[in-house]
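Residue-level structural notes
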Amino acid sequence: MTDASSPTVPPPTTSTTPAVRRGFVKSVLSGDAVILQGKPENGPPPEWTVYLSNVSAPRLGRRPTETSPATPDEAFAWQAREYLRNKLVGQFVTFVRDFTASSGRDHGRIYIGGTSPADAENVTEGAVSEGLLEVRQGKIADEYTTKLLELQEQAKAASRGKWGSGAGTIREVRWVVDNPRELVDKYAQKPVDAVIEMVRDGSTVRAFLLPDFEYITLQLSGVRAPATRNPNASDSRAEPFSEEAKFFVESRLLQRDVQVILESTSNQNVVGSIIHPKGNIAESLLREGYAKCVDWSIGVVTGGAQKLRDAERQAKEKRVRLWKSYQPSSSGYSGDRKAFTAKVTEIVLSDAVVVQKDDGSELKLHLSSIRLPRETGDEKAAGVGRQFRPLYDVPFMFQAREFLRKRCLGKKVQVQIDYVQPKAENYPEKTCATIKIGDLNLAEGLVSRGFSKVVRHRADDENRSCEYDVLLASEAAAEKSKKGLFADKTAEKKDTLRIQEITGDLAKAKQFLPYLQRGGKAEGVVEFLSGGSRLRIYIPKETVLITFLLGGINCPKGARVGPGGVTLGAAEPFADEAAAFTRKLVLQHEVQLEVESTDKNGNFVGYLFVSPDGNASRATNLSEALVENGLATLHFTAERSGHYNALLAAENRAKKAKKNIWANYTEEQQQEEVEVQQADTSERKQNYRQVAVTDVAPGALRFSAQNIEDGPKIEKMTAEMRQAISEHPPLAGSFSAKRGDLCVAKFSQDGQWYRAKVESIRAGQAEIVYIDYGNRETVDAAKLAQIPAGFASFPAGVKEYHLALVKLPNEDYVQLTLDALTQDLFGHSSVFINTEYKVGTADYVTVYYDSGNKKVDIGKSLIAEGLALADQRREQRLQTISAEYKSAEDTARKSRKNIWEYGDFTGNDI
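The rules we used
- Residues numbered from 1 in each chain as written.
- Predicted model: local features only at pLDDT ≥ 70, side-chain atom pairs only at ≥ 80, totals over all residues.
- Heavy atoms only, no water.
- Helix = DSSP H or I, 4+ residues; strand = E, 2+ residues; numbered from the N terminus.
- Buried < 20%, exposed > 50% of the residue type's maximum accessible area, 1.4 Å probe, protein only.
- Contact = heavy atoms within 4.5 Å.
- Areas by Shrake-Rupley, 256 points an atom, 1.4 Å probe, with all protein chains shown as cover.
- 1 Å grid on protein atoms, 1.4 Å probe; cavity = no way out; pocket = protein on both sides within 12 Å on 5 of 7 lines; lining within 4 Å.
- Points joined across faces, edges and corners; volume = space filled by probe spheres on them.
- Expected span 1.5 Å × (residues − 1).
- Arc of directions from axis to C-beta.
- Phe/Tyr/Trp six-rings, centres within 6.5 Å; stacked < 30°, edge-to-face > 60°.
- Lys NZ or Arg CZ within 6 Å of the ring centre and 35° of its normal.
- Polar contact = N/O pair within 3.5 Å; in protein donor to acceptor, adjacent residues only side chain to side chain.
- Core = buried A, V, L, I, M, F, W, Y, C linked by side-chain atoms within 4.5 Å.
- Pairing = 2+ DSSP bridges.
- Axes fitted to C-alpha atoms, helices over the stretch in contact; angles between N-to-C directions.
- pLDDT = per-residue confidence, 0-100.
- Salt bridge = Lys/Arg side-chain N within 4 Å of Asp/Glu carboxyl O.

1. Looking at the overall build of the chain
- Along the backbone of the chain there are 21 helices and 47 strands.
- Looking at the 910 residues of the chain, the share that counts as buried comes to 48%.
- In the chain, the proportion of contacts linking residues at least 24 apart, taken out of those at least 6 apart, comes to 62%.
- When the accessible surface of the chain is summed, it comes to about 46,100 Å², and 48% of that surface belongs to carbon and sulfur atoms.

Below, the structure written as structure tokens:
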């Protein structure tokens, strides 16, 4: 059935969700409630519960709790739920919201099939027709309610569903199975029909066994998926990949018809296998690296354990997910110890380092025979108001890490592997080694300063440091001198680092912003990075930890890391390469930050400079480095910074070299832009406005202009502002300018005051733009003054525009083109502009001026004179003018004008 009418029920409350949404049906709660999922974006998809409007369904019975008994089904509640489940679960549907109730619930209609609600099936109408839902008539009967009432009357006349003489199926649910073994014996390992009602984690589900409605908790036999976080335990944490494993199973089994084989019991749970028409879910989990085999239950698997072992072996060989770091087990080294030279790339807390071998491979090494400083239980008080972080909150952890970082990061060390500590319980396998830089044994250096203690090995354990006796002697000396961990502890003496973490708090970030902008550049240490352009940085001077985003660029985003370190979602192309590039260049290095602003989430935005060789005069701008290596693209906000030209040049070099992101730029990414443009079918609007050009930007087809009618207003306002300044002259240095501030400044050409906006401040020099004329210049920040009262509210008198459908030629002719553009724009008191399209927030316009009885199109004129190239757009509305520009280019090319004097440099045949 279909319904093309629009919702007419007035909404009691407003809603922030879209009125029409597409979603994937995750599950059905009842005959009138459905859970929908959106598109995954860097993690599990968002979910929302929606309710069918103008109808009510019989209520399903509820399971008993500690405080309340079980409740029975209302008549036809199960049939109504099953009608929706069989029709919707696993399908994409369209939800049209009619209204949002005062409770915040969205009520509306669900459509399935078709290309739009007009030709799709209205699920509510189908359920009403089957007599499974009852229509709720409001005070005012609209067209849709009237139609539902008609369908209900038809169902009543046909005695369908709840309108018939039968009572319907009322389940007698066995919510609690006191003796799971009795149930296993009852079904004798034969397949039983079931519906999966809930997925607790990747290897544990709850299900109804049909047709007797026995409600069981089923653990998959032979496998174990990572445990999810227990919401009832505050200290519970999700294991790696637990959410992904849960989602993997939910998307395949939740509320699906399956068969289960009950094979054994574990406490009050049943152990068994789930058979889906497409196979055994346990094998799929193992094959995808979402679970591991467990010996305690693998022996009861129906059909034997070999298939599960084979599936796990495939995951190990591919090293996917849980097996990402899998290494075949091996015993400890014996005989000659392996020695090599490597470069330290990362310090892991205070007892391990990551080294890079000569062949480029990386290896994590733990220092032999020493252990990390441990938590004592009371140091978490230091982290009140923020997340507990061992590096800062465990005594001497930070000091130990800094000792290693300053001594060996980025330097060559001598490695001698002593032993391999096998994996045990929750501890991974460790490769332990004695590491020296020059004559200094790093482990000895830590122990001698009281930053670490020596492990006491068993007498028969030969797996120990090759300089174990030296370590014991150093520890004895440190203990005698009461250094570090051996010092007397007093209430006044704390050996943790009291840091403030400014992440996710916008108010706090804005309050702290001036401290980071003081003196130009702030110094910090990159502690962690979650992507190529997102870093966590410790600022020693202010003892704060901030999240820092690189400005001026778009960097591919990696998979999001959720609770417990679980990876959520898929990474964008080249995200991993960008992260690896940033990691290699700046991780744990001392850097300088040029902080410009904060974002809405309380993260700081700006530019980061690193000097790998320690020479600050040769510092590398990380944003520029990423762009030049094709691992990031230019963002429009870069135009407001002083680094724009360098970033633009870097991107052009990356494009020319076809690096990474730009490898297939001319074929693929340009085609994608074409498709977006072709999809725009709006008509071209001609609404020319007369403007006076006030400034032409260097290096781009961009200019600033005032609306011609605003000119007298701007002159009048400026004159009155100057009069106010002359009556109350500003005191030199009294105004402390910050980025984004409105102020007044004296223009260098005439020495007069004009309104300006501060774009950036570095080393006492402010980059400003005159907001009424568009000029930019760099002035002494101390010479800026506060704008007089009443003049800040006057809107900016100028706006920036880009020349539409025109491109600059190669660099040899750019200045010639810009000179011609400047002459055309400034050669007339006013010109006329029409906005043709937008790119981001930038307006792209065509421009003409009157020459006698003729209108001269400046863009077309530049192309016709061989001073510019036509920029092809694919919007239908622009095809006529694009063809004119292209024709002018062809004529100029054939005539060998200016940029075409040596022929077709673009490589296209005439």
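There is more to say after this.
2. A look at empty space enclosed by the protein
- Counted under the stated rule, the structure contains 1 cavity of 30 Å³ or more.
- In this structure, the largest cavity spans a volume of roughly 30 Å³.
- Those elements that place two or more of their residues in the lining of the largest cavity are β1 (20-30) and α5 (242-253).
- In terms of residues, the lining of the largest cavity owes the most to one element, β1, which gives 3 residues.

3. Observations regarding helix α13 (residues 506-517)
- Taking 1.5 Å per residue as the helical rise, α13 with its 12 residues ought to reach 16 Å, and the 16 Å between its terminal C-alpha atoms agrees with that figure.
- Residues of α13 that are buried: A509, F512, L513, L516 and Q517. Down the axis of α13, the sector holding all buried residues measures 145°, keeping them to one side. Counted as exposed and oriented over 90 degrees from the buried face of α13: A507 and Q511.
- Lining the buried residues of α13 we find β25 (500-502), β26 (522-529), β27 (534-539), β28 (544-550), β32 (590-598) and β33 (604-610).

4. Things to note about the packing of aromatic side chains
- By the definition in use, this model includes 20 aromatic pairs.
- With centroids separated by 5.1 Å and ring planes inclined at 55°, the aromatic side chains of F208 and Y215 adopt a geometry described as tilted. Of the two residues, F208 and Y215, neither departs from the other in class, the shared state being buried.
- Relative to Y770, the ring of F747 lies with its centre 5.3 Å away and its plane at 75°, an arrangement referred to as edge-to-face. Within this pair, whereas F747 is found in the loop between β38 (742-746) and β39 (753-762), its partner Y770 is found in the loop between β40 (765-769) and β41 (776-780), the two being separated by 23 residues in sequence. Comparing F747 with Y770 shows no difference in burial state: the two are buried.
- Put simply, the rings of W78, W175, F208, F213 and Y215 touch in pairs and so form one group of aromatic residues.
- Just above the ring of F340 sits the side chain of K357; from NZ or CZ to the centre is 5.0 Å.
- When the ring centre of Y754 is taken as origin, the NZ or CZ atom of R722, which lies over that ring, is 4.5 Å away.

5. Focus: the environment of R873
- Within the secondary structure layout, R873 lies in the loop between β47 (869-870) and α21 (879-894).
- Residues R873 and Y837, 36 residues apart in the sequence, show an inter-C-alpha distance of 9.9 Å.
- Separated by 2.7 Å, the side chains of R873 and E875 make a polar contact.

6. Focus on the nonpolar core
- Ranked by size, the top nonpolar core spans 41 residues in total, and within it I537, I546, F548, V586, L593, F604 and L608 carry the most contacts.
- At 5 residues, the largest contribution of residues to this core is made by β33.
- Excluding residues within four positions of it along the chain, V586 makes contact with V526, L535, V591, L608, V610 and L622.
- A207, L285, L286 and A291 belong to the second largest nonpolar core, which has 37 residues in total.

7. What to know about helix α1 (residues 77-88)
- With 12 residues, α1 extends 17 Å from end C-alpha to end C-alpha; this agrees with the ideal 16 Å at 1.5 Å per step.
- Judged by how many residues are buried, α1 sits mostly within the fold: 9 of 12 residues are covered.
- Among the residues making up α1, those that are buried are A77, W78, A80, R81, E82, Y83, L84, R85 and L88.
- Positive backbone phi, approximately 85°, marks G90, located one or two places after α1.

8. Notes on the sheet that holds β40
- Taken in spatial order, the 4 strands line up as β38-β39-β40-β41 in an open sheet, and their pairing is antiparallel. Two strands bound the open sheet, and with one partner strand each, they are β38 and β41. Taking each pair of neighbouring strands and ignoring which way they run, the sheet shows an average axis angle of 50°.
- Bridging between β38 and β39 involves 5 bridges; their strand directions are antiparallel.

9. Observations concerning the confidence of the model for the chain
- When pLDDT is averaged along the chain, the result is 84, and 88% of the positions lie at 70 or above.
- Mean pLDDT across the elements of the chain ranges from a minimum in helix α17 (residues 665-678), with 54, to a maximum in strand β10 (residues 204-209), with 95.

10. Notes on the environment of A705
- Mapped onto the secondary structure, A705 falls in strand β37 (residues 702-707).
- Classification of A705 by relative accessible area gives buried; the value is 2%.
- Along the chain, A705 and V798 lie 93 residues apart, while their C-alpha atoms are 5.3 Å from each other.
- Not counting residues within four places of it along the chain, the set of residues in contact with A705 comprises V691, A692, V693, T694, G797, V798, K799 and Y801.

11. Remarks on unusual backbone geometry
- L210 connects to P211 through a cis peptide bond whose omega is 10°.
- Looking at where P211 falls in the secondary structure, it is placed in the loop between β10 and β11 (214-220).
- Located in the positive-phi region is T543, a residue other than glycine, with phi close to 50°.
- For T543, the position within the fold is in the loop between β27 and β28.
- The backbone phi angle of N660 is positive, close to 45°, even though this residue is not glycine.

12. Let's talk about the pattern of salt bridges
- Scanning all chains against the criterion turns up 46 salt bridges.
- E527 is paired through a salt bridge with R401; the nearest N and O atoms lie 2.6 Å apart. In this pair, E527 is assigned in strand β26 and R401 in helix α10 (residues 397-408), connecting sequence segments 126 residues apart.
- For E527, a relative accessible area of 12% translates into the label buried.

13. Some details on the pairing of β39
- In terms of residue burial, β39 counts as a mostly covered element, since 8 of its 10 residues are buried.
- In this structure, the hairpin formed by β38 and β39 is closed by a connection of 6 residues, where G751 is found at a positive phi of approximately 70°.
- For β39 and β40, the ladder comprises 5 bridges, and the chain directions are antiparallel. The partner of I761 across the bridge, within β40, is A766.
- Counted between consecutive antiparallel strands, the loop separating β39 from β40 contains 2 residues, among which A763 sits at a positive phi close to 50°.

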